[in-house]
Amino acid sequence: LYVEKRQGKYQSITALKRCPISVADDLRDSLFDKWPTICCSPTLATSSSGDSQFEYFKGRVGLASADPLELRVGSPFDYKRHCLLYLPPNGQTFDPSRYYRDGSIEYFDRLAREIEQLLLASDGRAFCLFTSNKALGEVYDRIAHRLRWLVLRQGELPRSEMVRQFRENGRAVLFGLKSFMGGIDIQGEALSLVIMDKLPFQPPDDPVYQARCEALNREQRDKWAWFRGLALPNAVITTKQAFGRLI
């Protein structure tokens, strides 16, 4: 149980919410133990080889103690010829810890300049994806007024309308959060660049995420179990999903 406060248009709203820490037992008892089931997704695996490829997924859905048939099929996409991965030459400049060391203004100034240069290189046609609403707002406020393309910002329009306008315009720039890292298909050259401000780890102040981390630490009697068993594999999957928007 946790309390969530939201500011509505005319009043503040306080809601008492209930969320299970784990759905593994429920899924095992009501689905996998009763029905032949196939789980299929491009982002189920969290490592490239070995016996631990699907361990994170199996643990989350109740298959940790089972022995399911597993198959990982390689992608037919020609990454070497049709995909480019860019990392800033001085990666330390964008280390999130610099935000606290150098101050937020300097950090977001550097980040905004880098993103603007990438958008110029791609002639728009980009998703700019951020791990926090603050980072999105800081970069948007610095460069959106200078961009010559249609600029869309999450929260100003319904998601479906943003996707429609982005797809139909052909050279738009979309500023979004985690919800735009999956479940969207933009075919053709309308989406030619995906920018991520940093690896998409879960917000540490999310109460459900906190409870899951604490439960994993207690179960394994290891104060770092939350990072290896939850934070890191979750970030890997989310990164693969964001990359998948481009591919």
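Engineer: Give me the lowdown on the pattern of salt bridges, citing residues and values where you can.
Structural biologist: Throughout the structure, instances matching the rule amount to 18 salt bridges. Its salt-bridge partner being Glu70, residue Lys58 comes within 2.7 Å of it at the nearest N-O pair. Of the two residues, Lys58 is situated in helix α2 (residues 55-61) and Glu70 in the loop between α2 and α3 (79-82); the sequence distance between them amounts to 12 residues. The partner of Glu116 in a salt bridge is Arg146, and the shortest N-O contact between them spans 2.5 Å. Placement of Glu116 in helix α5 (residues 104-122) and of Arg146 in the loop between α6 (133-143) and β4 (151-153) is noted, with a sequence separation of 30 residues between them. On the basis of relative accessible area, Glu116 is assigned to the buried category, the value being 13%. Several salt bridges share partner residues, and in doing so they unite Asp109, Lys134, Glu138 and Arg142 into one network.

Engineer: Outline the side chain of Thr238, listing residues and values.
Structural biologist: With respect to the element layout, Thr238 can be found in helix α9 (residues 225-246). Non-local contacts of Thr238, meaning those with residues more than four positions away in its chain, are made with Lys178, Met181 and Pro200.

Engineer: For the packing of helix α8 (residues 207-220) against α9, give the residues involved together with the corresponding values.
Structural biologist: Contact pair α8 / α9: the axes reach a minimum separation of 8 Å and the direction vectors enclose 130°. The orientation of α8 relative to α9 falls into the category oblique. Crossing of α8 against α9: the hand is right-handed. Of α9, the residues touching α8 (which contributes Tyr209, Arg212, Cys213, Leu216, Asn217 and Gln220) are Ala225, Trp226, Gly229, Leu230 and Ala231. Taken together, the residues of the contact of α8 with α9 break down into seven nonpolar, three polar and one charged.

Engineer: A description of unusual backbone geometry should follow, citing residues and the corresponding values.
Structural biologist: You will see that Asp123, though not glycine, has its phi angle at about 55°, which is positive. Relative to the helices and strands, Asp123 is located in the loop between α5 and β3 (126-129). Phi is positive for Arg125, which is not a glycine, with a value near 55°. Relative to the helices and strands, Arg125 is located in the loop between α5 and β3.

Engineer: How would you summarise α9 if you had to cite specific residues and measurements?
Structural biologist: The terminal C-alpha atoms of α9, which comprises 22 residues, lie 32 Å apart, in line with the 32 Å expected from a rise of 1.5 Å per residue. Ala231 marks where α9 bends most, by close to 30°; the proline Pro233 follows one to four residues later. Listed as buried for α9 are Ala225, Leu230, Ala231, Pro233, Asn234, Ala235, Ile237, Thr238, Ala242 and Arg245.

Engineer: Could you give me a rundown of the sheet that holds strand β5 (residues 173-176), with the residues and numbers involved?
Structural biologist: With respect to topology, four strands assemble into an open sheet ordered β4-β5-β3-β6, the strand pairing being parallel. With partners counted over all chains shown, the strands left at the sheet margins are β4 and β6 (193-196), one partner each. For this sheet the average axis-to-axis angle between neighbouring strands, irrespective of direction, equals 15°. As paired elements, β4 and β5 share three bridges and run parallel to each other. In the strand pairing of β5, Val151 is matched with Val173. Set on the sheet, α9 makes contact with β3 and β6; between it and β6 the angle comes to about 155°.

Engineer: Requested: an account of the pairing of β3, with residues and values cited.
Structural biologist: Burial along β3 is two-sided: the residues Ala126 and Cys128 and Phe127 and Leu129 are all buried. Sheet topology places β3 next to β5; four bridges connect them, and they run parallel. Within β5, the residue paired with Ala126 across the bridge is Val173. Across four bridges, the pairing between β3 and β6 is parallel. Within β6, the residue paired with Leu129 across the bridge is Met196.

Thresholds, definitions, all that
- Residues numbered from 1 in each chain as written.
- Predicted model: local features only at pLDDT ≥ 70, side-chain atom pairs only at ≥ 80, totals over all residues.
- Heavy atoms only, no water.
- Salt bridge = Lys/Arg side-chain N within 4 Å of Asp/Glu carboxyl O.
- Helix = DSSP H or I, 4+ residues; strand = E, 2+ residues; numbered from the N terminus.
- Buried < 20%, exposed > 50% of the residue type's maximum accessible area, 1.4 Å probe, protein only.
- Contact = heavy atoms within 4.5 Å.
- Axes fitted to C-alpha atoms, helices over the stretch in contact; angles between N-to-C directions.
- Parallel < 35°, antiparallel > 145°, perpendicular 65-115°, else oblique.
- Left-handed = near helix turned anticlockwise from the far one by under 90°.
- Nonpolar A, V, L, I, M, F, W, Y, C, P; charged D, E, K, R; others polar.
- Expected span 1.5 Å × (residues − 1).
- Bend = angle between axes of the 7 residues up to and from the residue.
- Pairing = 2+ DSSP bridges.

Without other data, these values stay purely geometric and don't point to any function.
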